[in-house]
Structures are given as structure tokens and as C-alpha cells.
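# Architecture at a glance
As a plain string of letters, each chain reads:
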Amino acid sequence: GDMQNAESASAAVTPGRQGPLIYIGMHSDSLVSCIREWVKLVGDVDKAVKPLRAVINQRLLRTLCTNCKQQLAPEEIAAMKLPSGLGNGLCRSMGQVQIKNKIADCPVCSGTGFMGQTAVYEVLSIDNDIMKHLRNGDLKNALSTARRSKMLQMQEAALVKAGHGETSLDEIARVLSPKKKAKKKSGDSAKVEAS
């Protein structure tokens, strides 16, 4: 379920690691803010982190239309100075195709350039070393330890999807770029789920 109150959080941690596997959804901007909010809801750091097995941060990206996406030229890719091994599958959304020497809106995506969505994940798998850091309230070292164990950050996972031609770099920038803080309306909420 969607965790929003301390009473529910306290009930969720009661079984501990020996109990059933419980998935908890929370609205959050990042892994760090999710863990902080979870600890705040439970009220005790040790009790909050002891039953954790993983924390997952997820975002949705629009997928490129397979009918009208256009592959980037090698010189465009070289100019971007992206990580090695990423390049060849990079594409951009077009939304238009050539039909009998005329440019028209793509009939598959209706000119949007996108069809469907794909998810990108940032997964913090909690082992004994990471658990020690979390129990000490040291999120920075917990994340550093996870990175040494090859944890992909959200941006890296998104770039892999772009490298396979599933989404575009513009879409990644649109979704993952830090938003300017505006006055929050009462109905607004974060679009990330962590469990």
C-alpha cells in the first residue's frame, strides 16, 4: 500500500526480516528522501532499517515510436561526449514520416513521436555493509558502498534505455532534470514510488 502515517509504518516493521515480504509504496523524489521519510514515519532508525531488504526509486519515461524515431548521426553522438559504449542506438523523437514525397504526421503515434512508457529504476539492495551504515544514519556512506557494488543511479539506467533506442535524451532530461521549486498546489504529489 501507500504508506502515509506512523501507525501503518509501525505495523509494517513489526514482523521484521523473519516475517512475510511486504512491499510499501511511498511518494518521494529520491532514494535518500524515501529512506528519510520512512525513518521519520517509523520514529526509530534501528527499527525502521532492520527489516529493509531493498529500496527502489522509479520514474516513467515515454518510449519512442518505432515507426518514426530517427537515429542520431555519429558526429552528433561524438559531440555529446557521452559515456563509452552508449552511442549507436541513440535516437530522437520525430513525430513525422515521409509518405509519397510529403512530410506527414506519423500514423502510428499521431505525430507525438512517442508510444507507451518504460520505467527506469534505481535499486538499493541492502546487504550487511549497507545495513551498518543505515543503522548509523549514514546515508552517504550507504550509497557509496552500494555504488562500489555496481548500483546504477537513475540517470545511468535511463542512459542505458536511450542507448538501446527505447527513449530519447530529451525525454530523460525532461523527466530527470531538477525541477524549479514552484508553489505547490494542494493536489500535487511526487511521481516516484519507492518500496
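This part covers the nonpolar core. With 26 residues, the main nonpolar core has Met3, Trp38, Val55, Leu124, Ile126 and Leu134 as its most contacted residues. The biggest single contributor to this core is helix α2 (residues 31-42), with seven residues. Those residues in contact with isoleucine 126 that sit more than four places away from it in its chain are Arg17, Leu52, Arg53, Ala54, Val55, Met131 and Leu134. Counting 12 residues, the second largest nonpolar core, distinct from the first, contains Leu72, Ile77, Ile172 and Val175.

Moving on, we get to the packing of helix α1 (residues 6-13) against α2. Across the interface, α1 lies against α2 with an axial gap of 8 Å and an inter-helix angle of 95 degrees. Looking at the two axes, α1 sits roughly perpendicular to α2. Of the residues in α2, those in contact with Ala6, Ala9, Ala12 and Val13 of α1 are Trp38, Leu41 and Val42. Taken together, the residues that form the contact of α1 with α2 break down as seven nonpolar, no polar and no charged.

Taking 1.5 Å as the rise per residue, α2 with 12 residues should run 16 Å; its terminal C-alpha atoms sit 17 Å apart, in good agreement. Listed in full, the buried residues belonging to α2 are Leu31, Cys34, Ile35, Trp38, Val39, Leu41 and Val42. One side of α2 holds all its buried residues, which, seen down the axis, span an arc of 160 degrees. Along α2, exposed side chains directed more than 90 degrees from the buried face belong to Arg36 and Lys40. Of the residues trailing α2, glycine 43 is marked for its positive phi of about 95 degrees.

Quick look at unusual backbone geometry now. A positive phi angle is found at serine 110, which is not glycine, with a value near 60 degrees. If you check the backbone angles, lysine 150 has positive phi at about 75 degrees while not being a glycine. Within the secondary structure, lysine 150 is located in the loop between α6 (139-148) and α7 (154-163).

Per the stated rule, a full pass over the model turns up six salt bridges. A salt bridge links arginine 92 to glutamate 76, with the shortest nitrogen-to-oxygen separation between them at 2.3 Å. Placement of the pair is arginine 92 in strand β4 (residues 91-92) and glutamate 76 in helix α4 (residues 74-80), with a sequence separation of 16 residues. For glutamate 156, the salt bridge identified is with arginine 147, shortest N-O distance 2.7 Å.

Structurally, the position occupied by glutamate 122 is in strand β7 (residues 114-125). Comment: no salt bridge for buried glutamate 122; closest opposite-charge side chain is arginine 147, at 7.1 Å. A polar contact is formed between the side chain of glutamate 122 and the backbone nitrogen of methionine 154, at a distance of 3.4 Å. Those residues in contact with glutamate 122 that sit more than four places away from it in its chain are Leu31, Val55, Ile56, Asn57, Met151, Leu152, Gln153 and Met154.

Look at α7 against helix α8 (residues 169-176): their axes get within 10 Å of each other, and the N-to-C directions meet at 155 degrees. Judged by the inter-axis angle, α7 sits roughly antiparallel to α8. Judged by the twist between their axes, the crossing of α7 over α8 is right-handed. Listed contacts from α8 to Met154, Gln155, Ala158, Leu159 and Ala162 of α7 are Leu169, Ile172 and Leu176. Residue composition of the contact of α7 with α8, grouped by class: seven nonpolar, one polar and no charged.

What counts, and at which threshold
- Residues numbered from 1 in each chain as written.
- Predicted model: local features only at pLDDT ≥ 70, side-chain atom pairs only at ≥ 80, totals over all residues.
- Heavy atoms only, no water.
- Core = buried A, V, L, I, M, F, W, Y, C linked by side-chain atoms within 4.5 Å.
- Buried < 20%, exposed > 50% of the residue type's maximum accessible area, 1.4 Å probe, protein only.
- Helix = DSSP H or I, 4+ residues; strand = E, 2+ residues; numbered from the N terminus.
- Contact = heavy atoms within 4.5 Å.
- Axes fitted to C-alpha atoms, helices over the stretch in contact; angles between N-to-C directions.
- Parallel < 35°, antiparallel > 145°, perpendicular 65-115°, else oblique.
- Nonpolar A, V, L, I, M, F, W, Y, C, P; charged D, E, K, R; others polar.
- Expected span 1.5 Å × (residues − 1).
- Arc of directions from axis to C-beta.
- Salt bridge = Lys/Arg side-chain N within 4 Å of Asp/Glu carboxyl O.
- Lys, Arg positive; Asp, Glu negative; His and termini not counted.
- Polar contact = N/O pair within 3.5 Å; in protein donor to acceptor, adjacent residues only side chain to side chain.
- Left-handed = near helix turned anticlockwise from the far one by under 90°.

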